[in-house]
Amino acid sequence: MSQGKKTEKWSSRLGVILAVAGSAVGLGNFLRFPGQAVQYGGGAFMIAYFISLILIGIPICWAEWTMGRYGGGKGFNSSPGIMNILVRHPAGKYMGVIGVIIPVVIYMYYVYIEAWCLGYAVNFLFTDNLKLGSEALAYKSFWQDFIGFQENGSAIGFGVGQVGFYLLLVFVLNFFLIFRGLSKGIEFFCKYAMPTLIFLAVIILFRVLTLGTPDPSKPDQNLMAGLGHMWNPTNLGTQLTNPQLWLAAAGQIFFSLSVGFGVIITYASYLSKDDDIVLSGLTASSANEFCEVALGGMITIPAAVVFLGASGVAGIGMGTFSLGFNVLPLVFAQMPGGTLFGAMFFFLLFLAAVTSSLSMLQPGIAFLEEAMEIGRRQSVTILGVITAMGSGFIVYFSKDMKALDTIDFWVGTFLIFVLATIQIIIFGWVLGIEKGWKEAHIGAEMTIPRFFKPVFKYICPGFLLIIFVFWFLVNVLGINLSTGDRQVVSYVSDLFGNGGAVPSNVARMSIGLIVCVTAFMIMTVKNAGPKWDKKLKDQED
């Protein structure tokens, strides 16, 4: 039986672990995670977070590694191709399309945010643009001007204090590396970028942990207060019964481990049959958790509280962008040596973002090469054109970040829940728990604890479905779970209007962009379907 020809493979076990960890380590580790933890009660959030890690994150991660390697052994590297093998029904390959749509569309706006990080690192180190004193509004104003928040089209500029040049640079860097291939591009970059960003984070963490009480006249603004603000549980019983807390914790796990993105299943398909996916998957997840909990969680909020106080931090806001591009520049401006530490911090964010954005491109490359039977040059060109148009759309319609926010909600949140649920159900119920369990342990140096069998088959899918129902009720239908009141959510009113309100044309065009990308992917799969089916039949014969 033919096992298919692999044109690419990882050159080392360390390389694939760093690449998978790199796909997970990103802006969410250093910005989104701390903000979520503080917003939902510190220690209470951490309890829900670690429960979600055990019941959702690790099981889906192992399932994706297993299904990916299994599909790669059959000669398929794309999510639609692998799903077609697993499901053995025409619907399988179309469900797999979601695993290409998510990373490709997320890349379109993620590379834009990646450019912010590089731009901030440069501005910290070489200009006075981020030396704005102690007024929070000044940093917010710079950020809004930098990204074109106030007016559509205003982000397209190429000065040192404008995002255009940095966007062009990072876009070219990503495609240069992806053109070089799996081992010479992604693996090569991650081997150097991951240790570098961890080294920088440790240096910054050491600086934060030695801050003490910078202003003796404000004794409450000290390091221990900052750590307590991050980790101490508040209203533990009330918080743990709040469905929104569990939604936030589960959502963070998806972002944290890159599960449900369509990335790991593609990365794992380039492994050989005897590669240890149990230990490798656990190692990659552990590396990500170290970056998120031990580094990200202990740098950002403690530093902000030390210089701004708990009330000051709360007043500015704990959203990912508010924390990263409004609060932290203000903090670094007041920190001794803050210019250097600020540049280091945003450069490590940039490195983390590149390792993630590269992982978002590989599923698209694998899909195009597999479905169209084309080479690397053609696949990079096609994907480059598609993502350049998408990024251009998002950058041009930058006012209020309407395009970015709309696409992030429907693809970066909604579709990730959908794909993660589909994948764990396929692993536990279609591939079958016994076959999946056996496949996962081929070449394994450790055994998955047996209690994960019911987790894979019952607990994880059930947990996901419950969370998804609550998420839909709150974030789409706008139902307040505490009072039962309903308020139309902006993501819905932007598309359909509400009580005479005019829908947002930008939001509608953003959905149109998603639909166009989806239609292209579906048509490509439809054309490739007969060839894939013949390939499978030949293998069975």
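Computed from a predicted structure; not experimentally measured.

## Regarding the overall build of the chain
Of the regular secondary structure elements, the chain holds 21 helices and zero strands. In terms of principal-axis extent, the alpha carbons of the chain reach across some 80 × 55 × 50 Å. Looking at the chain residue by residue over its 541 residues, the buried ones come to 60%. Taking the intrachain contacts of the chain between residues at least 6 apart in sequence as the baseline, contacts between residues at least 24 apart amount to 80%. The positive charge centre, built from 33 side chains, and the negative charge centre, built from 30, are 8 Å apart in the chain.

## A few points about the side chain of Asn174
Note that Asn174 resides in helix H8 (residues 164-179). With residues near it in sequence (within four places) discarded, Asn174 still touches Tyr107, Val111, Glu114, Val354, Ser357, Leu358 and Leu361.

## Overview of the pattern of salt bridges
All told, the structure shown has twelve salt bridges when counted by the stated rule. A salt bridge links Glu439 to Arg69, with the shortest nitrogen-to-oxygen separation between them at 3.8 Å. With Glu439 in helix H18 (residues 402-440) and Arg69 in helix H3 (residues 43-73), the pair connects residues that are 370 residues apart, well separated along the chain. On the accessibility criterion, Arg69 (3% relative accessible area) is buried. Among the salt bridges present, the one from Glu439 reaches Lys273, with a minimum N-O distance of 3.7 Å. Taken together, the residues Glu439 in helix H18 and Lys273 in the loop between helix H13 (264-268) and helix H14 (277-316) connect sequence positions 166 residues apart. Beyond isolated ion pairs, a larger network of salt bridges with shared partners links Glu8, Glu369 and Arg376.

## Here's the deal with a nonpolar patch on the surface
A surface patch of nonpolar side chains, amounting to about 710 Å² of accessible area, comprises Ile156, Phe158, Phe165, Leu168, Leu169, Val172 and Tyr396. Here Leu169 is to be found in helix H8.

## Thoughts on the packing of helix H12 (residues 243-257) against helix H19 (residues 452-475)
For the pair H12 and H19, the least separation of the axes is 10 Å and the interaxial angle reads 115 degrees. Accordingly, the angle class assigned to the pair H12 and H19 is roughly perpendicular. The two elements H12 and H19 meet at a crossing, and its hand is left-handed. Where H12 approaches H19, its residues Pro243, Gln244, Trp246, Leu247, Ala250 and Phe254 are matched on the opposing element by Phe463, Leu464, Ile467, Phe470, Trp471, Val474 and Asn475. Among the residues making up the contact of H12 with H19, the classes are represented as eleven nonpolar, two polar and no charged.

Definitions and limits used
Residues numbered from 1 in each chain as written. Predicted model: local features only at pLDDT ≥ 70, side-chain atom pairs only at ≥ 80, totals over all residues. Heavy atoms only, no water. Helix = DSSP H or I, 4+ residues; strand = E, 2+ residues; numbered from the N terminus. Buried < 20%, exposed > 50% of the residue type's maximum accessible area, 1.4 Å probe, protein only. Contact = heavy atoms within 4.5 Å. Lys, Arg positive; Asp, Glu negative; His and termini not counted. Charge placed at Lys NZ, Arg CZ, Asp CG, Glu CD. Salt bridge = Lys/Arg side-chain N within 4 Å of Asp/Glu carboxyl O. Patch = residues over 30% accessible without salt bridge, like charges linked within 9 Å, V, L, I, M, F, W, Y side chains within 5 Å. Areas by Shrake-Rupley, 256 points an atom, 1.4 Å probe, with all protein chains shown as cover. Axes fitted to C-alpha atoms, helices over the stretch in contact; angles between N-to-C directions. Parallel < 35°, antiparallel > 145°, perpendicular 65-115°, else oblique. Left-handed = near helix turned anticlockwise from the far one by under 90°. Nonpolar A, V, L, I, M, F, W, Y, C, P; charged D, E, K, R; others polar.

Function cannot be inferred from these measures alone, as they are strictly geometric.
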